[in-house]
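Okay, here's what each chain looks like letter by letter:
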Amino acid sequence: MNSAGGETMISAEAALEAVLRVAKRLDTISVPLHKALGNVLAEEIRAPDPLPPFPASTKDGYAVIAADGPGEYPVITELRAGNDGLGLTVTPGAVAYVTTGGKFICILYATATCPIPDGADAVVQVEDTEEVKDESLQTKRVRIIVQTSPGTNIRPIGSDIEEDAVVLKCGELLCASEVGLLATVGVTMVKVYRNPTIGVLSTGDELVEPTTQKLGRGQIRDSNRSMLLAAAVQQNCKIFDLGIARDDERELEQVIDAAFSIGIDIILTSGGVSMGDRDFVKPLLQKRGKVHFEKVCMKPGKPLTFAEINLRKTAAGVEDKNILAFGLPGNPVSCSVCFHLFVVPAIRYLAGWMNPRLVRVHARIQKPLRTDPVRQEFHRVIVKWSLNDGSGLPGFVAESTGSQSSSRLLSMKSANALLELPASGSMIPAGTSLSAVIISDIISVPMANGSSLGNNASTGQGSLSGKGDDNDVPGPAVRVAVLTVSDTVASGAGPDRSGPRAVAVVNSVSEKLGGAKVIATAVVPDETSKIKDILRRWTDVEKMDLILTLGGTGFTPRDVTPEATKELIEKETPGLLFAMMQESLKVTPFAMLSRSAAGIRGSTLIINMPGNPNAVAECMEALLPALKHGLKQIKGDKREKHPSHVPHAQAVPTDTWEKSYKKTTTVTTNDTGCCRSH
């Protein structure tokens, strides 16, 4: 829970957890094959027969007996796709022409082919043969010019799918390829989870239908209802348009009760959930069911109400069922953002999805963004794939859609992602990699001459092609990579809060680190092999100067970051760990539970840091006095010393040791027998 200005708000992640905790899978139905697309399978599908059901040719060519070897042979028949070849046998000294059909049907595994005739044990492709042209010959003959071996260019029975093999599991989403598999194994009726039925209602005295040509004073056309109905259809839902309800408690109650009786699974209302004296939606939901939360610490979308309505079985025969009720904000952008973040996962869970959460990617921002000091913000952006994301490598870039006012629906136009900005009240520099929640298709843009994020985002390697063209931009003096190690973040179950914080910290102390810039970020689960893979790539291939890993340094069985790091480093740097530990212990005694590792691999310094976002700043603060010096030493610059150090060439000729020596050697004759050693 978060409290601000006397208000108690739940975090966006906690709100989503509450929604998914309440949601229940819907019942299953059987649908014909042509209606299965977009549904989630509710049964296991097995193959009733093998595929291919006969030995099949993979090439157009000649079915031969491999032991016959190269030579000239008569062609006893020509077999094409659809010909079963029954009753035909290839004997030694003869061949048969076979084809694959010459085309592929656009359904997985459904390829045209023909059986290999009995007796043949290999197929020689046409390219390895020559037709014998002799008009005096009554039988077509062909010259085999290569030696083949048994099984060459033949798909054995069941090589693609074995008989009784599981081809689809319960819980799998049926896309085009899955529908093709169903057809392949002869399934024409399939059991799936039912998709939700959604009722959409707008509330407000100011609202009029979109068909209204001339607006009266104080009127606006209802955009939310059209938007939500379209969004629900995109999610493969059946919809009911419940119209507009005035700001009248009795009318609103009648409309919502009527909606409950028509068999909806989810009801979406927009407006009427704030603190006004005529905002009746929230009180009505409290009256009809259980309200789980009514304010979310997010921007936009704070006044979001979620309730669970239970319809008990009555004398009229209404079934006992739960209805999920979302009281969405009235501002169009807030309404749309809340639909994507909370309603879409609920729809997916009801419809049987195994992982109903939205996909997240990391994208680099093209311009600096200021964050809200209290609420996490979901900034509308267009995420594109670029050949150069600003780090000199391919990756996603995020372009803001402009003014982020919650009433400006234009900010949702073309937006395909919601950029997750932490509540820090700070400026995030251009080029920073942030988590983006994908809400529609990602697009790519042609980058004929490379891409750059502008002056604020330096590239690390210049041109991707390796050619010195006009797009080569000098990289930062110290190239930094940040690795978040977290099962939760890697699976999409939660946002990455440590990574963006580390990027901001490093970029803010860039000058103190000798011109450091974060040019690469990644997220991996708590798995040793995956941690090592990315560390090895960043050290051996991309030659990073500094790698910071975040998380996985504790005592739990899944905390394996130190183990993965120690397997790679060639020299340990215990002093860095000691400095970080000292600083962290000033904040919390639990810092002593960190098992961080640090060391050098090649010319790269790797440092493990805790996963707590605040710990990153603490650790960097501890390392700053010496880190720049250390990074230069790794590169072989032994001349780099502490600022107070005086280089030998500039030192006063007579130093302390020399004075001591002269003093002890300037003696009287009576002291000549004395031996002094210093």
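Residues numbered from 1 in each chain as written. Predicted model: local features only at pLDDT ≥ 70, side-chain atom pairs only at ≥ 80, totals over all residues. Heavy atoms only, no water.

For the protein, the count of helices and strands is 13 helices and 37 strands. Considering the protein as a whole, with its 678 residues, one finds that 47% of them fall into the buried category. The long-range fraction of contacts in the protein, counting pairs at least 24 apart against all pairs at least 6 apart in sequence, stands at 72%. Accessible surface, the protein as shown: approximately 33700 Å² in total, 52% of it carbon and sulfur. (Helix = DSSP H or I, 4+ residues; strand = E, 2+ residues; numbered from the N terminus. Buried < 20%, exposed > 50% of the residue type's maximum accessible area, 1.4 Å probe, protein only. Contact = heavy atoms within 4.5 Å. Areas by Shrake-Rupley, 256 points an atom, 1.4 Å probe, with all protein chains shown as cover.)

Moving on: the sheet that holds strand β36 (residues 598-601). If you trace the 6 strands from one edge of the open sheet to the other, you get β33-β32-β34-β37-β36-β35, paired in mixed fashion. Lying at the two open borders of the sheet, with one neighbouring strand each, are β33 (516-524) and β35 (571-572). With 4 bridges connecting them, β36 and strand β37 (residues 604-609) associate as antiparallel partners. The residue of β37 that forms the bridge with Gly-599 is Ile-606. Its contacts with the sheet put helix α12 (residues 613-634) on β32 (478-485), β34 (546-550), β36 and β37, and the angle it makes with β37 is roughly 165 degrees. (Pairing = 2+ DSSP bridges. Axes fitted to C-alpha atoms, helices over the stretch in contact; angles between N-to-C directions.)

Where burial is concerned, most of strand β15 (residues 197-203) is hidden: 7 out of the 7 residues are buried. Burial along β15 is two-sided: the face carrying Thr-197, Gly-199, Leu-201 and Thr-203 and the face carrying Ile-198, Val-200 and Ser-202 are both buried. The pairing of β15 with strand β18 (residues 238-245) spans 6 bridges and is parallel. When the sheet's bridge partners are listed, Gly-199 is paired in β18 with Phe-240. Of the strand pairs in this sheet, β15 and strand β19 (residues 266-270) are connected by 5 bridges, and their pairing is parallel. Within β19, the residue paired with Gly-199 across the bridge is Ile-267.

Quick look at the sheet that holds strand β6 (residues 61-64) now. Across the sheet, 6 strands lie side by side as β9-β6-β8-β7-β11-β10; this open sheet has mixed pairing. Of all the strands in the sheet, just β9 (122-125) and β10 (129-132) have a single pairing partner and so form its edges. The average angle at which neighbouring strand axes cross in this sheet is 40 degrees, direction not considered.

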